Amino acid sequence: MSLGTPMVYPAHRQLLQQGDESRHVLLLTRGVAKVVASSESGYEMLLAIRVAGDLVGEMAAFEDQPRSGTVVACSEVTARIIQVNALEGFLARHPDAMRAILAMLCARLRWANRRRIDFRAYDSLTRLARVLAELSQAYGHQVADGGARQQILDVTLNQAELASLAGLALPTTEKALASLSKLGLVERSYRKITVCDVPKLLVFAKVFAENPY
């Protein structure tokens, strides 16, 4: 924390921009941000969600390459801007922090690999269920008076963004969400999703003890 300069970003503000050649990283201390990437054709895809405690911008900083994605604040976000030289010096002096960074990077690679496997191994309904199950594990919180089995996702996602995470077309995602609702696994409201029965969703999605986040 002492390495960074505190910053406050309003909702919808870009924290980092794809293609930019800056070399600092951001340590998020409050709020939720989305990582998106755009292709040359203009197609935009949601790559990841980041919350307080997450580090963003580390790939460009460590690789000395342009930013591979844009980070956008979903709500008001506070963060610490840390220059890469200061971060590298800190990690050299604190091997435990280096191990934590490596564990974070491994978890993100594991999640990306899982999505690639899902694309070939599961049908569209199961793929969406897997994404929702993993989001509930990482960002869900218990619904008031809903019992331990119910969780609401603590991030705001529209259906196009869910489609991006699951690697599905938007119409396919809409149909899959409707099917999961009919099965009593999820409930939908405006940009909010409630998992009605977390254990049943995990079984349906074939998600077991390990958490890729």
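Residues numbered from 1 in each chain as written. Predicted model: local features only at pLDDT ≥ 70, side-chain atom pairs only at ≥ 80, totals over all residues. Heavy atoms only, no water.

1. Re the nonpolar core
Core analysis: the biggest nonpolar cluster contains 31 residues, and Ile-49, Leu-128, Leu-132, Leu-135, Leu-157, Leu-162 and Leu-165 have the highest contact counts within it. Elements supplying a minimum of two residues to this core: strand S4 (32–38), strand S5 (44–51), helix H4 (124–139), helix H5 (159–166), helix H6 (170–182), strand S12 (192–195) and helix H7 (198–205). Take this core: its biggest share by element is seven residues, from H4. Excluding residues that lie within four positions of it along the chain, Leu-157 makes contacts with Lys-34, Leu-46, Ile-49, Leu-135, Leu-162, Leu-165 and Arg-191. Judged by nonpolar contacts, the second largest core, of 14 residues, contains Leu-15, Leu-26, Leu-28 and Val-71. (Core = buried A, V, L, I, M, F, W, Y, C linked by side-chain atoms within 4.5 Å. Buried < 20%, exposed > 50% of the residue type's maximum accessible area, 1.4 Å probe, protein only. Helix = DSSP H or I, 4+ residues; strand = E, 2+ residues; numbered from the N terminus. Contact = heavy atoms within 4.5 Å.)

2. Considerations on H4
The terminal C-alpha atoms of H4, which comprises 16 residues, lie 22 Å apart, in line with the 22 Å expected from a rise of 1.5 Å per residue. Where burial is concerned, most of H4 is hidden: twelve out of the 16 residues are buried. Among the residues of H4, Thr-126, Arg-127, Leu-128, Ala-129, Arg-130, Val-131, Leu-132, Ala-133, Glu-134, Leu-135, Ser-136 and Tyr-139 are the ones counted as buried. (Expected span 1.5 Å × (residues − 1).)

3. Structural notes on the sheet that holds strand S11 (residues 186–189)
One open sheet holds the four strands; their spatial order is S9-S10-S12-S11, and the pairing between them is antiparallel. Single-partner strands in this sheet number two, and they are strand S9 (140–142) and S11. On average, adjacent strands in this sheet sit at an angle of 25° to one another, irrespective of strand direction. Against the sheet, H4 makes contact with S9, strand S10 (151–153), S11 and S12, and its axis sits at roughly 95° relative to S10, the strand it touches most. (Pairing = 2+ DSSP bridges. Axes fitted to C-alpha atoms, helices over the stretch in contact; angles between N-to-C directions.)

4. Overview of the side chain of Arg-115
Here Arg-115 lies in helix H3 (residues 95–121). Of the polar contacts made by the side chain of Arg-115, one reaches the side chain of Asp-118; its length is 2.4 Å. If we ignore the near neighbours within four places in the chain, the residues touching Arg-115 are Arg-130, Val-131, Glu-134 and Leu-165. (Polar contact = N/O pair within 3.5 Å; in protein donor to acceptor, adjacent residues only side chain to side chain.)

5. What about the environment of Arg-191?
By the secondary structure assignment, Arg-191 is in the loop between S11 and S12. Separated by 97 residues in sequence, Arg-191 and His-94 place their C-alpha atoms 41 Å apart. Those residues within four positions of Arg-191 in sequence are excluded, and the remaining contacts are Lys-34, Val-155, Thr-156, Leu-157, Asn-158 and Glu-161.

6. Details of the layout of surface pockets
Empty space among the atoms becomes apparent when a probe as large as a water molecule is rolled across them. Reported here for the largest pocket is a volume of approximately 880 Å³. Surrounding the largest pocket, 40 residues form its lining, Val-35, Leu-47, Ala-48, Arg-50 and Arg-108 being those nearest its centre. Of all the elements in the fold, those that place two or more residues in the lining of the largest pocket are S5, strand S6 (55–56), helix H1 (58–63), H3, H4 and H5. Of all the elements, H3 adds the most residues to the lining of the largest pocket, at ten residues. Within the lining of the largest pocket, the residues separate by chemical class into 27 nonpolar, five polar and eight charged. In terms of domain composition, the lining of the largest pocket takes at least three residues from each of domain 1 (5–117) and domain 2 (123–205). (1 Å grid on protein atoms, 1.4 Å probe; cavity = no way out; pocket = protein on both sides within 12 Å on 5 of 7 lines; lining within 4 Å. Points joined across faces, edges and corners; volume = space filled by probe spheres on them. Nonpolar A, V, L, I, M, F, W, Y, C, P; charged D, E, K, R; others polar. Domains from an automatic or database assignment.)

7. Some details on the domain arrangement of the protein chain
Examined at the domain level, the protein chain breaks down into domain 1 (5–117) and domain 2 (123–205). A separation of 25 Å is found between the C-alpha centroids of domain 1 and domain 2. On the domain 2 side, the residues contacting the 13 residues of domain 1 number 13 residues. Together, the buried faces of domain 1 and domain 2 total about 1,100 Å²; carbon and sulfur atoms form 58% of this surface. (Buried area = accessible area lost by both parts, 1.4 Å probe.)

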